[in-house]
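# Coordinate analysis (summary)
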Amino acid sequence: MVTEVIKIDRDHPDMSAFEKAGRILKEGGLVAFPTETVYGLGADALDEEASRKIYEAKGRPSDNPLIVHIARMEDLEKIVKKVPEEAVKLAQRYWPGPMTLIMEKSECVPYGTTGGLDTVAVRMPSDPVARELILQGGGYVAAPSANTSGRPSPTTARHVYEDMEGKIPLILDGGPVEIGLESTIVDLTERIPTILRPGYITLEMVREVLGEVQMDKGLISSDSSVRPKAPGMKYRHYAPKADLKIVEGPMEKVIAYINEKASDKKRPGIICTEETRSRYLYGDVKCIGSRTDENAIASHLFAILREFDEDEVDAIYSESFESPGLGQAIMNRLLKAAGHQRVDVSQKV
């Protein structure tokens, strides 16, 4: 299969590109496209065979649910049994945007899309390219990130092409994405609304709307025996080829530890910030941004992990990025990429 890449001029989009992409989706094919979070790999969400093709192209476990993308609020009623009041409130505040809601699915959503679950994850993206594709494709597009399962999520069309060349017929190239981390996932089927995946919409932002909200206790767990209720909960994700460790503790000790370990490696990779970049003495040092700009850190994370693959580093050491805002989402992705390998240097002399 030849994979075509069509560049979308956001100021003057060629509607024929969307029409072509829509036809592919309606005929059961796959199309990769940009959203404000990461690039998605889309198929008709109501076509079980089309959803199966997503799992096949990604090498994704079939019990890992897909997110259904819609472009109009009224389309939600068809795919869920009942629209909860909490969903209406959150949608009024944060849709279109980087937030996914889990609700009880209706009969028209096949189990092949939901990973065998009676719940469905739904999102309304804000990216106009994504929204037009959804409308052209019939209104319901299942779309996980457009990468080989386990690899860093794609934030450019080039990343998609690296993983999907020859596997899908079309990539819509809308340029680099805006946010760079997947959407926040909120489970509305629990007694207390529960965040299953942190993202740009933070816990505090959800609480502003709903009041009582909790974080899922398994967010930082590496237990693989639990069946995933949301995309990306169970499996190792975002992983570069080289072994990745996250180093935590006082910054002086973090820098000293990373320098010591890097000096023993043939080609180490280091993830740092503008504030510490000049302190590292060895290897392939990549600055993820300033600690004062969480948005920059989030948007650069997956691209940097892919750059390390291209540079063929033999080990990666990363500073920790815990903080009250986006830091939770950033650390969630880093921990998954590292297979939960953390080094605490607080007590080291």
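Before reading further, recall that the structure is shown in the block above.
Nothing here was measured: the structure is a model prediction, and the numbers come from that model. (Residues numbered from 1 in each chain as written. Predicted model: local features only at pLDDT ≥ 70, side-chain atom pairs only at ≥ 80, totals over all residues. Heavy atoms only, no water.)

## Examining the pattern of salt bridges
Heads up, the condition is: Just to be clear on terms, a salt bridge is a Lys or Arg side-chain nitrogen sitting within 4 Å of an Asp or Glu carboxyl oxygen. Only DSSP runs of H or I with at least four residues qualify as helices, and only runs of E with at least two residues qualify as strands; both kinds are numbered from the N terminus onward. Only protein chains enter the accessibility calculation, which uses a 1.4 Å probe; a residue whose area is less than 20% of its type maximum is buried, one above 50% is exposed, and one in between is partly exposed.
Counted under the stated rule, the structure contains 23 salt bridges. Here R158 and E310 are joined by a salt bridge, their closest N and O atoms 3.0 Å apart. One end of the pair, R158, is in helix 7 (residues 157-164); the other, E310, is in helix 10 (residues 294-311), and 152 residues separate them in sequence. On the basis of relative accessible area, R158 is assigned to the partly exposed category, the value being 47%. The exposure class of E310 is partly exposed, given its relative accessible area of 43%.

## What to know about the pairing of strand 8 (residues 170-173)
Just so we agree on the cut-off: Two strands qualify as a pair provided DSSP detects at least 2 bridges between them.
Burial of strand 8 is two-sided: the residues L170 and L172 facing one way and the residues I171 and D173 facing the other way are all buried. In the sheet, strand 1 (residues 4-7) pairs with strand 8 via four bridges, with the strands oriented parallel. By the bridge assignment, I6 is partnered in strand 8 with L172. Pairing between strand 2 (residues 31-33) and strand 8: two bridges, direction parallel. Directly across from V31, in strand 8, lies its bridge partner L170.

## Some words on unusual backbone geometry
Note that the residue after W95, namely P96, is joined by a cis bond; omega there is -5 degrees. Looking at the secondary structure, you find P96 in the loop between helix 4 (85-94) and strand 5 (99-104). The backbone of E312 sits at a positive phi, close to 55 degrees, despite the residue not being glycine. The residue H340 is not glycine, and still its phi comes out positive at about 65 degrees. Relative to the elements of secondary structure, H340 occurs in the loop between helix 11 (327-337) and strand 16 (342-344). Judged by relative accessible area, H340 falls into the partly exposed class, the value being 22%.

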